[in-house]
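In case you want the letters, here they are:
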Amino acid sequence: MNAKTEPRITECRVTAWQIPTDQEESDGTLTWSATTMVLVELKAADIWGLGYTYAHQAAASLIRTVLFDTVKERSPFDIPALWIEMRRRVRNYGNHGLGGMALSAVDNALWDLKARLLQVPLSRLLGKVREDIPLYGSGGFCSYSLARLEEQLGSWAAEGFRAVKMKIGASPDQDAERVRRAREAIGSDVKLFIDANGACTPGEALAICRDLCEPHRVSWFEEPVSSDNLKGLRHVREHAGPGLDIAAGEYNSTPDTFQAMLEANCIDVMQADVTRCLGISGFLLVDALCQGADIPLSAHTAPAMHAAVCAAAQKLVHLEYFHDHVRIEAMLFDGLPTVQHGVLRVDPEAHGNGLILKRHAAEPYIVA
Ligand SMILES: [Mg+2]
């Protein structure tokens, strides 16, 4: 293959589904009853690649116009060049938030397309560090009854998950009992993580460290204060006490936002989301930054889209098995990575990310 015979990207399909949750869900700062996936398919030489993000359907419009216009008639093999150009093209709309999510979906599709054109699994194209990716079960919404909380977290523990995460912060007076019941449901050997989604002040967060985390052996406190408040995160980290990791990073997009968090010394574990951090290309850069800072990396939600890059990321410690996204990915795709005993494994044979879209599934929920 030379430059003249290299395949070119010729077509693009974008679909957005808004899928109702199985019951109303809430965390420390938000309540929702549906989740939207925006999926992009790119075609070159009669092969289609796919990638997605969880964003507002407005991202679909940006992909169909600005981003497809950027990659059209270009080689899917030179992803770094396309990534730089896409970043330039969304400059005025923002590499953060919706613009970054739209770009992430296209970058994820480019990697899948390249691997399918080369007829290799995406994990093979990226190069693997590990076969097995440790998962942690994630749900435990503030809107759940105590019975539902115990049932969900307890069933993950029974399946062999080594860690589970619950939300806190919507009704602070109920959190002590919720955390106590969660610990009882999962037993003493499974790690218990909590996520406040930025609901607390630094002082409130430190009270939670003392009154909830220590007695119930919580080992991870995610976003105790807003991720915009790096000084506040640092204050909590410095006073949290031993055995409790402070984690954040899920909203970061461009590499400099991750670098700022590292330089602020405000986290023990970096989180990154391949559907927000400018795709697999961005995730690999975050992995390099974590390597430089010697900080572990944890992948945030969207397990099927993360699988291959989690097999490849050197500093990765685990991947979030998020209830909403697990449900939606099973609804929309065949060829999902297998999950057994709390460990995810990529398919060693299937080309690309291995995902096969069930095109007509969830048709009533198409919104764009
Ligand atoms: Mg979170």
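Remember, predicted model here, so these are calculated numbers, not experimental data.

Visitor: A description of the packing of helix α5 (residues 146–159) against helix α6 (residues 172–186) should follow, citing residues and the corresponding values.
Guide: In contact at an axis separation of 8 Å, α5 and α6 are set at 35° when each is read in the N-to-C sense. The crossing of α5 and α6 is right-handed. Between α5, through Leu146, Leu149, Glu150, Leu153, Gly154 and Ala157, and α6, the contact on the second element is made entirely by Arg178, Arg181, Ala182, Ala185 and Ile186. For the contact of α5 with α6, a count of residues per class yields 7 nonpolar, 1 polar and 3 charged.

Visitor: With reference to specific residues and values, describe the environment of Val106.
Guide: Among the structural elements, Val106 can be located in helix α3 (residues 97–117). Here the alpha-carbon distance between Val106 and Ala207, two residues 101 residues apart in the chain, equals 42 Å.

Visitor: How would you sum up the packing of helix α9 (residues 255–263) against helix α10 (residues 279–293)? Please name residues and give values.
Guide: Here α9 crosses α10 at 20°, and the two axes come no closer than 10 Å. On the basis of their axis angle, the class for α9 and α10 is roughly parallel. Between α9 and α10 lies a crossing of right-handed hand. Contact with α9, carried on its side by Pro255, Phe258, Gln259 and Leu262, involves Gly282, Leu285, Val286, Leu289 and Ala293 of α10 and no other residues of that element. Of the residues belonging to the contact of α9 with α10, the class tally is 7 nonpolar, 2 polar and no charged.

Visitor: If you had to explain helix α8 (residues 230–239) to someone new, which residues and values would you point to?
Guide: Listed as buried for α8 are Gly232, Leu233, Val236 and Arg237. Down the axis of α8, the buried side of the element spans an arc of 140°, and every buried residue falls inside it. In α8, the exposed positions angled more than 90 degrees off the buried face are occupied by Lys231 and Glu238. On its buried face, α8 is in contact with α7 (202–213) and β8 (245–248). With its phi angle positive at about 90°, Gly241 sits one or two positions after the end of α8.

Visitor: Lay out the domain arrangement of the protein with the relevant residues and their values.
Guide: Domain parsing of the protein yields domain 1 (9–119 + 360–365) and domain 2 (124–353). Using C-alpha coordinates to define each centre, domain 1 is positioned 23 Å away from domain 2. Contact residues are listed per partner, giving 39 residues for domain 1 and 34 residues for domain 2. Within the residue set of the side of domain 1 that touches domain 2, elements represented by two or more residues are β1 (9–26), β2 (31–44), β3 (47–54), α2 (79–89) and α3. No other element matches the 12 residues that α3 contributes to the side of domain 1 that touches domain 2. Classifying every residue of the side of domain 1 that touches domain 2 by side-chain character gives 16 nonpolar, 15 polar and 8 charged.

What counts, and where the lines are drawn
- Residues numbered from 1 in each chain as written.
- Predicted model: local features only at pLDDT ≥ 70, side-chain atom pairs only at ≥ 80, totals over all residues.
- Axes fitted to C-alpha atoms, helices over the stretch in contact; angles between N-to-C directions.
- Helix = DSSP H or I, 4+ residues; strand = E, 2+ residues; numbered from the N terminus.
- Left-handed = near helix turned anticlockwise from the far one by under 90°.
- Contact = placed C-beta atoms within 7 Å.
- Nonpolar A, V, L, I, M, F, W, Y, C, P; charged D, E, K, R; others polar.
- Parallel < 35°, antiparallel > 145°, perpendicular 65-115°, else oblique.
- Buried ≥ 20, exposed ≤ 12 C-beta atoms within 10 Å, placed from the backbone.
- Arc of directions from axis to C-beta.
- Domains from an automatic or database assignment.

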